[in-house]
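Working through the structure, step by step
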Amino acid sequence: MRQVRDIWRLNGADNESTGHLGIIYLSWQLSSDDQMDSIASLQEQWHEFAEREAEEAFNSSLLYEGLQWVKEDLFIHMRLPTGKVKLLEGWLLELAHKHTTEWEQRFIDGLDKIASDSMEARLHVGVAVASNDSNTADGLVWYEVMKKAILHGQAADAMEHSMKRRAIDQIIHDRMIYPVYQPIVSLQQQGKIFGYESLSRTEDRSWFAGPMDLFLFAEKEGLTYTLDRLAREKAIDGCIPLAPDQKLFINVMAQIMEDPSFSPGQTLSLLEQHKLSPHHVVFEITERNSIADFGTVKKALEHYRSQGYQIAIDDVGAGYSSLQSIVELRPDYLKVDRSIVQNIHLDEMKEHILYTLIQLALKMDISVIAEGIELEEELAKVREMGVQYAQGYLLGRPAPFDTNKQ
């Protein structure tokens, strides 16, 4: 095995080598409740397991430099070629994730049942890449990149988070989302399609199970506005040709409208390119969190309305969509959540709630859309109660525009 003493040659020919140095860092964070003798036994088993697996995985690679143990932390040293650090980090992330995820599970599975059941630990993994500066001693560069790898691996989910961040960056850069459209049907005009709600999808679900996961992660990473803008652009690009009297419902997070950088200017430009106008568009306000500043959102909405856009509030009756939002924002449409609509023909309380929303909407000159219609009985009940529009699998599943256009 090539140990660290063979890696760190502080002077000589190796010090003048070019390229980059990479580290994969692995550390078991054992619970303080575990017994000391149990910890020592687990660490001994981990040493043997990790050295065997790392040598088997990397020994044949020309990039592999060797292993180093610092107390109970393992550092796998790689000497990488010249290239962009971000690309090299991405490659090292994928390599580390491929092996260490499997190692963690196999190590736990290999323990006896008592040790496995009592072990409260997760494998922390971090990676780092640094330029091999010819003016800096090789050993010092290794030391710096090891520190970076430790910092990266401080959280147990650091590897997963980094892979998700890399995935969402690629999705945004390569515009890797596509729109599907679910019809919204008029209940007063014999099932005529009044409009479509645009929904975002991704081809690859390796890291995000669905659009909700993708947008929630974007929010955590400060990428909500960027992803939201991409979704809007894709929605407009994919809905052509929309009939002159049909509406396109585009989801917009309420928090986006609180951001001064949000502007419908780009949306307007896209609409004009496709010979559409703001009168075709309904901004469907989704509240992931309660609205902190109604004044800012109301001011923004007044500006959009003056240009011809309409407003809908989504998920009414569930989550953060409150009566205050309806009163303050004065939308053109209320989209009643499926939790209220589901089996409404069998639930008197749900019927009372919908009736109250309908009466409120009538007084405020707001149209009501019932979401999540899946049964003929649900459709019949909401039509009987005076709901103007309906949406759901019974009436049409989300699909590319040319597939479900009628």
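Numbering of residues starts from 1 in each chain and follows the order in which that chain's sequence is written. Given that this is a predicted model, residues contribute local features only at a pLDDT of at least 70 and side-chain atom pairs are listed and counted only at 80 or more, while totals for whole chains, interfaces and linings are drawn from all residues. Based on all heavy atoms of the structure, the side-chain values leave hydrogens and waters out of the count.

Focus: the packing of helix H6 (residues 158-173) against helix H7 (residues 211-220)
Interaxial angle, 0 to 180 degrees, is taken between N-to-C directions of lines fitted to C-alpha atoms, where a helix line uses only the stretch in contact. Runs of E in the DSSP output that reach at least two residues are strands. Runs of H or I that reach at least four are helices, and both are numbered from the N terminus. Between H6 and H7, whose axes approach to 11 Å, the crossing angle comes to 100°. On the basis of their axis angle, the class for H6 and H7 is roughly perpendicular. In contact with His-161, Lys-164, Arg-165, Ile-168 and Ile-171 of H6, H7 contributes Leu-214, Phe-217 and Ala-218. Here the residues of the contact of H6 with H7 are counted per class, giving five nonpolar, one polar and two charged. In what follows, roughly perpendicular refers to angles from 65 to 115 degrees, roughly parallel to angles under 35, roughly antiparallel to angles over 145, and oblique to any angle outside these ranges. Contacts are assigned to residue pairs with any non-hydrogen atoms lying within 4.5 Å of each other. Each residue is assigned to one of three groups, with Ala, Val, Leu, Ile, Met, Phe, Trp, Tyr, Cys and Pro labelled nonpolar, Asp, Glu, Lys and Arg labelled charged, and all others, Gly among them, labelled polar.

Focus: the pairing of strand E6 (residues 193-202)
The buried fraction of E6 amounts to 10 of the 10 residues, a majority that puts the element mostly inside the structure. Here, a strand pair is defined by DSSP locating no fewer than two bridges between the strands. Linkage of strand E5 (residues 177-186) to E6, two consecutive antiparallel strands, is achieved through a turn of six residues, within which Gln-190 is found at a positive phi near 50°. Note: E6 against strand E7 (residues 247-253), four bridges, orientation parallel. From the neighbouring strand, Ser-198 faces E7, where its bridge partner is Ile-250. Burial classes: relative accessible area under 20% of the type maximum marks a residue as buried, over 50% as exposed, and values in between as partly exposed (1.4 Å probe, protein chains only).

A short note on unusual backbone geometry
One non-glycine residue, Lys-275, lies in positive phi territory at about 60°. By the secondary structure assignment, Lys-275 is in the loop between helix H10 (265-273) and strand E8 (281-286). Residue classification places Lys-275 among the exposed residues on the basis of a relative accessible area of 78%. Positive phi, normally seen in glycine, also occurs at Arg-330, with a value near 50°. Assignment of secondary structure puts Arg-330 in the loop between helix H12 (323-329) and strand E10 (333-336).

A short note on the pairing of E5
Taken across its 10 residues, E5 has nine buried, putting it largely inside the fold. Bridging between E5 and E6 involves nine bridges; their strand directions are antiparallel. Counterpart to Ile-177 in the pairing with E6 is Thr-202. Across two bridges, the pairing between E5 and strand E12 (residues 389-390) is antiparallel. Looking at the pairing, Ser-186 lines up with Tyr-389 of E12.

Some words on the nonpolar core
Put simply, buried Ala, Val, Leu, Ile, Met, Phe, Trp, Tyr and Cys residues joined by side-chain atoms within 4.5 Å make one nonpolar core. By size, the foremost hydrophobic cluster in this structure holds 53 residues, and its most contacted members are Met-257, Phe-283, Leu-354, Val-382 and Val-387. At five residues, the largest contribution of residues to this core is made by helix H11 (residues 294-306). Counting 31 residues, the second-largest nonpolar core is a separate cluster that includes Trp-28, Phe-49, Ala-54 and Val-129.

Some remarks on the packing of helix H3 (residues 85-110) against H6
In the contact formed by H3 and H6, the axes pass within 10 Å of each other and the chain directions differ by 130°. Judged by the angle between their axes, H3 and H6 are oblique. Considering how the two elements wind past one another, H3 and H6 form a crossing that is left-handed. In this structure, H3 contributes Lys-86, Gly-90, Trp-91, Leu-93, Glu-94, Ala-96 and His-97 to the contact, and H6 contributes Met-159, Ser-162, Met-163, Arg-166 and Asp-169. Tallied by class, residues from the contact of H3 with H6 come to five nonpolar, three polar and four charged. A crossing counts as left-handed when the near helix is turned anticlockwise from the far one by less than a right angle, and as right-handed when that turn is clockwise.

Examining the packing of aromatic side chains
A pair of Phe, Tyr and Trp rings is counted when the ring centres sit within 6.5 Å of each other, with Trp represented by its six-membered ring. The angle between the planes then sorts it: under 30 degrees is stacked, over 60 is edge-to-face, the rest tilted. Counting across every chain of the model gives 18 aromatic pairs. Relative to Tyr-64, the ring of Phe-58 lies with its centre 6.1 Å away and its plane at 35°, an arrangement referred to as tilted. One exposure class covers both Phe-58 and Tyr-64, and it is buried. Relative to Tyr-304, the ring of Phe-283 has its centre 5.9 Å away and its plane inclined at 65°; by these criteria the two rings are edge-to-face. Taken together, the residues span a long stretch of sequence, with Phe-283 in strand E8 and Tyr-304 in helix H11 at a distance of 21 residues. Of the two residues examined, Phe-283 and Tyr-304, each falls in the buried class. Feature note: the residues Trp-28, Trp-46, Phe-49 and Phe-107 constitute an aromatic cluster, connected by ring pairs. Placement of a positive charge over a ring is assigned whenever Lys NZ or Arg CZ falls within 6 Å of the ring centre and within 35 degrees of the normal to the ring plane. Directly above the aromatic system of Tyr-393 lies the positively charged group of Arg-397, at a separation of 4.0 Å from the ring centroid.

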